[in-house]
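A structural walkthrough
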Amino acid sequence: MTANWRVLGSRRRTQLPAVHGVLPRDCVRPALESQVLVVVAPAGYGKTTALAAALTPPHVAWLTLDADDIDPQVLAAGLALAIEALPDGAAVGAVLDAGATPQRLASRVAELLHELGAWLVIDEAQHLTSPLLAPVLRELLDCGSGHVALLSRLPLPLSELAPLEAAGVVTYLSAADLSFTPQEMGTLFALQGLSPSSAELRLAHSLTEGWPIAARFLGQAVVQGRVQLADLRDLDQGQAQLGTLFTYLAQEVLGPLAVPLQALLTRSSVFEELTPDLLEEVLQEPQAAAWLEALSSSGTFLTRAGQGVYRAHPLLRAHLRGLLSPDEAQQISGLGAAYFERTGRPRRALAAHLMAGHTARAAALLEAYGAEWLRLGRVNLVQSSLARLPKGSFTPALQALLGDTLRLSSQYEQALTAYAGADPLSRALGEIQVALDTVQPDHAWAALSAAEQLAAPEQQDLLRRLRAENLLNAGRLMEAVALEPSLAEGIRYALRSGQVEQALALAQSAIAGEQGGARAAQNHRESLLLASFLHSVLGQWEEAAGLAREGLAEGTRLESPFVQALALARLGHAQQVAGAHAEAEANYNAALGLARGVTGRLQVEPLMGLAYLAGARGDHERAARLHAEALAQTGGDQYMAGLLHLTTALGALQGGGAAPAYLDAADAAFAVCGDTLGQTAVALARFASDVAGRASRELAESVLKYPFLLGRASLFSPFQERARRAPVLSRLAAPWPDLHAGLRPLAAALGYSQIPAPQHTPGFEVRAGVLGRAEIVRAGERPAEWSRAKARELLALLVVRAEGLPRVAAQEALFPDAEAGIGERNFRVTLHALTSVLEEGAEGGTFLERGEWLRLRPSPDLRVDLWEAQGHLSAPAGTAGRLDALLRLPERFYDSDLPEVQQAAAAYTAALPEALAEEAQAALSGRDLPSAIRAAERSLSLDPAHEPAARVLMSAHLQRGNAAHAQRVYAALSAALEQLGLSPLPETAALYRALGVGR
């Protein structure tokens, strides 16, 4: 290039776009880990804003392209100007001053991106598709640890992306990814000073379908008072007028269209979905099929919704309907309604009748089909349709339908009001369903009695089933099953009777049939959330948390605050079991906040969880207040009351207290239900709190039935810590030797090969460490203070001599030059100093065998970091979890004067990079390139001359298309070997030559 290359570029197009008060995009954050990010979406989806907000100077360069950039010289000039924003970026332009080609300039840009780990964002990247730019783009994308983002309005058919896609280093974001979620829209509105209700937020999201520019315009219109969110309930009423946004739509979408296509879009805007048959019959458009296909392929917001079915964006439809006269809109809608009725499509007919003003026929369709639509989950359809009917047209049947709609939307008080306008039987049935849905059995008895008096004989079976379900909700299981035997086969019966594994199996089989698809929320009957609770009871917190998060997503999809609140409470339970108390408390509080707007019964579980956490912290007064508040909301449910009493008692026990009154109340409640698990958990908690008590045989046999109560931290365990549960098992088993065989798996779950003796279960864990520094740490406390430095040396010696050593040998190692008497005295003092720190709070000999032979006693309660590290180092390459464990190991060893410790340190220092190189090779063989790179890089950071690790790293980078990075690895290895007077092995040099690394 010539020396005046700067005149080919524009600094204005290299400016990072200014963004202020922009909503951070959750979809962008994980994509920033990619080497290459490709973002393709039409105008208004916030491509530029999202990237500009996510990336911050000085490690980001920006270039916005235009049509001139199809010339490689112009593109190279723009890249050189853009890269000046990076540290040392000004030097890149020197290669152009020296006459370098655009391809060489791109290579230099890629090298700088790699060196800095920086980003280059190319906006309007649709201009890169010219074949002339392929060599430049190929070099640019080979950026190693750097990053390139391509933002385009149109798909990018770039062959240069193919090898990078195969290597797994390209991430794509589309319009669907960039569309706002309802939660993001809520955050956006909050930034604009708005506080919409959940219903208003759902309406706004439905209106915009998450289109970012539409969401922003809508928020601005509301702030300026031009639109009320409540008025957007039904766009088909044609009342939503967002002038600025619709002007934008007209310019972006309608402007380029031919007049006949504009007319077709406008006249068909009264219909949500378009088909050729509909338009041919109603609009008399013989070319409808061809025109619909042309519109869906032209970049407008007309998209395919199925085979031969198309739909327009709701905002576009609303704008286009505003261009029709009211008479024309009603006429077309009436013709459409007749077409839909004739073709057997009542839902489409309902919408068309409402648009045409045929309210009587619309009401008749709602009475005929409304209940079935609700069963299929079409709650919003029925609710919005009812809202468009004149209040004077509501019949008792429509009042009952309105009540059902509100109940399924978790608006229980409003539902009861609506049911009051229904006929007496429908009103009673509605009140029963509200009580069942909210698990408040005391609220259903009167309505059940009234309905039984009013119902016809053929309806008595239904009422019998409803009464049986209410008995189940009350915890009166035997009475429930006597009325309706089939209840004994259900999830909730199995749960409430203590058949946990059976309940979980039933819940898991039901989950697949509930996720996805149109349906009504089942509230406390949601199988995902029942399974989550059961996993927490079983102590399987990871599974519980995963299912709770799935349930939360499902609750969001179903727009059910009930399900969302319950899911947050169940997530809190999982985190409580995991010991993540801060996260659990946050989710319990979030669940409580949602529940307060729904029903009192829904507040019980989060209040219960908060009571546990308060007790575990030792704040028993707060725990009692929360317990009382929760108990007042149980609504006559004995099982829930028992669970509340037990959990509050377990919180007090975890916090070092006792709560016999709560345990008594829990025992009584579980006795009513016949819940043997609850009763066992109560008895075990009593036993755990009485350290001098003797276990009954009945309790020991019950624990055999529910081993997870001691084998794992679970929702019903007496203690969350393994070390605190171990003494409970030891005391439980001591009087009953004949049960030891059955209890031995429990001991194994706690880390013991046999039932431990009470003196060998101190109730806490100690960690002895020599990696990094010599220290002893009791769980949850700071490292112990050493009274004598020699005690550290003795600890290190005992750690590296895991099999132990004679006392006299240890004394000689620590005091080799001391006279016999003095050496013995000094060693005795040193041994006492070590013992005082190591076994503080435990019986003598728990962790250290003393006498003529000294040895650290292997125990689950004594963790020795070197022993654990040696286990990982000696494991076969590719063992699950080995790589992560190796990456966590420190590189330093305790600096000791003892030869044996020094030898162990040298062996450890040599073994760690070797093991990492083994893992790197295993990952490379398994095509897990990110893991191979992590392992090899860590190995080389410990030993820069480790050739096997370097070969793996070179191969991994070459497979990812990063030739320049592979070259740098070889150069660094050669330099490290040269310092040792060595050169690369023939196989390393051959790899370098055979793969053609050089540029």
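Everything numeric in this text was worked out from a predicted model, so none of it was measured.

Digging into the overall build of the chain
Assigned secondary structure in the chain consists of 51 helices and 13 strands. By its C-alpha atoms, the chain is 115 × 95 × 45 Å across when sized along the principal axes. Taking all 999 residues of the chain together, the buried fraction comes to 53%. The long-range share in the chain, meaning contacts at least 24 apart out of those at least 6 apart in sequence, stands at 65%. The positive charge centre, built from 83 side chains, and the negative charge centre, built from 105, are 2 Å apart in the chain.

Points about the nonpolar core
One finds Leu-646 and Phe-716 to be the most contacted residues of the largest nonpolar core, which totals 85 residues. Broken down by element, this core gets its largest block of residues, nine residues, from helix α35 (residues 638–654). Leaving out residues up to four positions away in the same chain, Phe-716 has contacts with Val-537, Leu-643, Leu-646, Leu-650, Leu-677, Ala-681 and Leu-709. Ranked by size, the runner-up nonpolar core spans 73 residues in total, among them Leu-771, Ile-776, Leu-856 and Phe-893.

Some points on the environment of Ala-796
Tracing the chain through its elements places Ala-796 in helix α42 (residues 789–800). Among the residues examined, Ala-796 registers a relative accessible area of 0% and is labelled buried. Not counting chain neighbours up to four residues away, the residues in contact with Ala-796 comprise Val-770, Tyr-894 and Val-901.

Comments concerning the pairing of strand β1 (residues 36–40)
Of all the five residues making up β1, four are buried; the element is thus mostly covered by neighbouring parts of the structure. Relative to strand β4 (residues 147–152), β1 runs parallel, the two sharing five bridges. If you follow Val-40 over to β4, its bridge partner there is Ser-152. Across four bridges, the pairing between β1 and strand β5 (residues 170–173) is parallel. From the neighbouring strand, Val-39 faces β5, where its bridge partner is Leu-173.

A few points about the sheet that holds strand β8 (residues 766–769)
Overall, mixed pairing links the three strands, which are arranged β9-β8-β13 in an open sheet. Each having just a single partner strand, β9 (775–778) and β13 (862–864) make up the two edges of the open sheet. Strand after strand, the sheet turns through a mean of 20° between neighbouring axes, direction not considered. In this sheet, β9 lies alongside β8 in antiparallel orientation, the contact comprising four bridges. The residue bridging Ala-768 from the neighbouring strand is Ile-776, located in β9.

Some thoughts on unusual backbone geometry
That bond from Pro-57 to Pro-58 is cis: its omega, 5°, falls within 30 degrees of zero. Although it is not a glycine, Glu-559 adopts a positive phi angle of roughly 55°. Mapped onto the elements of the fold, Glu-559 is located in the loop between α30 (541–557) and α31 (561–578).

So, the sheet that holds strand β10 (residues 805–806)
Overall, antiparallel pairing links the three strands, which are arranged β10-β12-β11 in an open sheet. Both edges of this open sheet fall to β10 and β11 (848–849), since each of them pairs with a single strand only. Pairing geometry for β10 and strand β12 (residues 853–856), over two bridges, is antiparallel. When the bridges of β12 are listed, Leu-805 appears paired with Leu-854. Its contacts with the sheet put α42 on β10, β11 and β12, and the angle it makes with β12 is roughly 80°.

Focus: helix α21 (residues 396–408)
When the terminal C-alpha atoms of α21 are compared, their 18 Å separation across 13 residues agrees well with the 18 Å that a helix rising 1.5 Å per residue should span. Of all the residues in α21, the buried ones are Leu-398, Gln-399, Ala-400, Leu-401, Leu-402, Gly-403, Thr-405, Leu-406, Arg-407 and Leu-408. Positive phi shows up at Ser-410, right after α21, with a value of about 65°.

Topic: the side chain of Arg-882
If you trace the backbone, Arg-882 turns up in helix α46 (residues 882–888). Here Arg-882 falls in the buried class, since its relative accessible area comes to 2%. From its side chain, Arg-882 meets the backbone oxygen of His-872 in a polar contact 2.7 Å long. Ignoring any residue separated from it by four or fewer positions in sequence, one finds Arg-882 in contact with His-872, Leu-873, Ala-875, Pro-876, Ala-877, Ala-915, Glu-918 and Glu-919.

Focus: empty space enclosed by the protein
According to the stated counting rule, one finds four cavities of 30 Å³ or more in the structure shown. Space inside the largest cavity adds up to approximately 230 Å³. Taken together, the elements giving at least two residues each to the lining of the largest cavity come down to α27 (491–496), α29 (527–538), α31 and α35. Per-class residue counts for the lining of the largest cavity are ten nonpolar, one polar and six charged. Of the pockets and cavities examined, the second largest cavity occupies roughly 80 Å³. Lining the second largest cavity we find eleven residues, and of these Val-270, Phe-271, Glu-272, Arg-348 and Ala-351 sit closest to its centre.

Examining the pattern of salt bridges
The tally for this structure, following the rule as stated, stands at 52 salt bridges. Residue Glu-341 pairs with Arg-361 through a salt bridge whose shortest N-O separation is 2.9 Å. Here Arg-361 lies in helix α19 (residues 359–375) and Glu-341 lies in helix α17 (residues 326–342), a separation of 20 residues in the sequence. Classification of Glu-341 by relative accessible area gives partly exposed; the value is 31%. The class of Arg-361 is partly exposed, set by a relative accessible area of 38%. Across the pair Glu-452 and Arg-467 runs a salt bridge, and its minimum N-O distance is 2.8 Å. One end of the pair, Glu-452, is in helix α24 (residues 445–454); the other, Arg-467, is in helix α25 (residues 460–473), with 15 residues separating them in the sequence. Glu-452 sits in the partly exposed class, given a relative accessible area of 26%.

Remarks on the packing of α24 against α25
With their axes 10 Å apart at the nearest point, α24 and α25 run at an angle of 165° to one another. Taken as axis vectors, α24 and α25 run roughly antiparallel relative to one another. Crossing of α24 against α25: the hand is left-handed. Here Trp-445, Leu-448, Ser-449, Ala-451 and Glu-452 of α24 lie close against α25, whose contacting residues are Gln-460, Leu-463, Leu-466, Arg-467, Asn-470 and Leu-471.

Considerations on the packing of α31 against helix α32 (residues 581–595)
Running from N to C, α31 and α32 point in directions that differ by 160°, and their axes come no closer than 8 Å. On the basis of their axis angle, the class for α31 and α32 is roughly antiparallel. Our pair here, α31 against α32, has a crossing hand that is left-handed. Contacts between α31 and α32 involve Pro-561, Gln-564, Ala-565, Leu-568, Ala-569, Leu-571, Gly-572, His-573, Gln-575 and Gln-576 from the former and His-581, Glu-583, Ala-584, Asn-587, Tyr-588, Ala-590, Ala-591, Leu-594 and Ala-595 from the latter. When grouped by side-chain class, the residues that make up the contact of α31 with α32 number eleven nonpolar, seven polar and one charged.

Quick look at helix α6 (residues 134–141)
Within α6, six of the eight residues are buried, leaving the element largely enclosed by the surrounding structure. Listing the buried residues of α6 in full gives Ala-134, Val-136, Leu-137, Glu-139, Leu-140 and Leu-141. Structurally, α6 contributes buried residues whose contacts are with β1, α3 (72–83), α5 (102–116), β3 (119–123), β4 and α7 (162–166).

Quick notes on the environment of Leu-650
In this fold, Leu-650 is placed in helix α35. The exposure class assigned to Leu-650 is buried, which follows from its relative accessible area of 2%. Leu-650 sits 68 residues away from Pro-718 along the chain, and the two C-alpha atoms are 6.0 Å apart. Not counting the four nearest positions on each side in its chain, Leu-650 is found in contact with Tyr-612, Ala-685, Leu-715, Phe-716, Ser-717 and Pro-718.

Considerations on the environment of Gln-287
For Gln-287, the location among the structural elements is in the loop between α14 (276–282) and α15 (288–296). Placed 146 residues apart in sequence, Gln-287 and Gln-433 show a C-alpha to C-alpha distance of 51 Å.

Looking at the packing of aromatic side chains
This model, assessed by the stated rule, comprises nine aromatic pairs. Taking 6.4 Å as the distance between ring centres and 40° as the angle between the ring planes, the aromatic pair formed by Tyr-45 and Trp-211 counts as tilted. Placement of Tyr-45 in the loop between β1 and α2 (47–54) and of Trp-211 in the loop between α10 (198–208) and α11 (212–223) is noted, with a sequence separation of 166 residues between them. Like Trp-211, Tyr-45 is buried. Seen from their ring centres, Phe-893 and Tyr-908 are 6.0 Å apart, and the 55° between their planes marks the pair as tilted.

Quick notes on the rules
- Residues numbered from 1 in each chain as written.
- Predicted model: local features only at pLDDT ≥ 70, side-chain atom pairs only at ≥ 80, totals over all residues.
- Heavy atoms only, no water.
- Helix = DSSP H or I, 4+ residues; strand = E, 2+ residues; numbered from the N terminus.
- Buried < 20%, exposed > 50% of the residue type's maximum accessible area, 1.4 Å probe, protein only.
- Contact = heavy atoms within 4.5 Å.
- Lys, Arg positive; Asp, Glu negative; His and termini not counted.
- Charge placed at Lys NZ, Arg CZ, Asp CG, Glu CD.
- Core = buried A, V, L, I, M, F, W, Y, C linked by side-chain atoms within 4.5 Å.
- Pairing = 2+ DSSP bridges.
- Axes fitted to C-alpha atoms, helices over the stretch in contact; angles between N-to-C directions.
- Expected span 1.5 Å × (residues − 1).
- Polar contact = N/O pair within 3.5 Å; in protein donor to acceptor, adjacent residues only side chain to side chain.
- 1 Å grid on protein atoms, 1.4 Å probe; cavity = no way out; pocket = protein on both sides within 12 Å on 5 of 7 lines; lining within 4 Å.
- Points joined across faces, edges and corners; volume = space filled by probe spheres on them.
- Nonpolar A, V, L, I, M, F, W, Y, C, P; charged D, E, K, R; others polar.
- Salt bridge = Lys/Arg side-chain N within 4 Å of Asp/Glu carboxyl O.
- Parallel < 35°, antiparallel > 145°, perpendicular 65-115°, else oblique.
- Left-handed = near helix turned anticlockwise from the far one by under 90°.
- Phe/Tyr/Trp six-rings, centres within 6.5 Å; stacked < 30°, edge-to-face > 60°.

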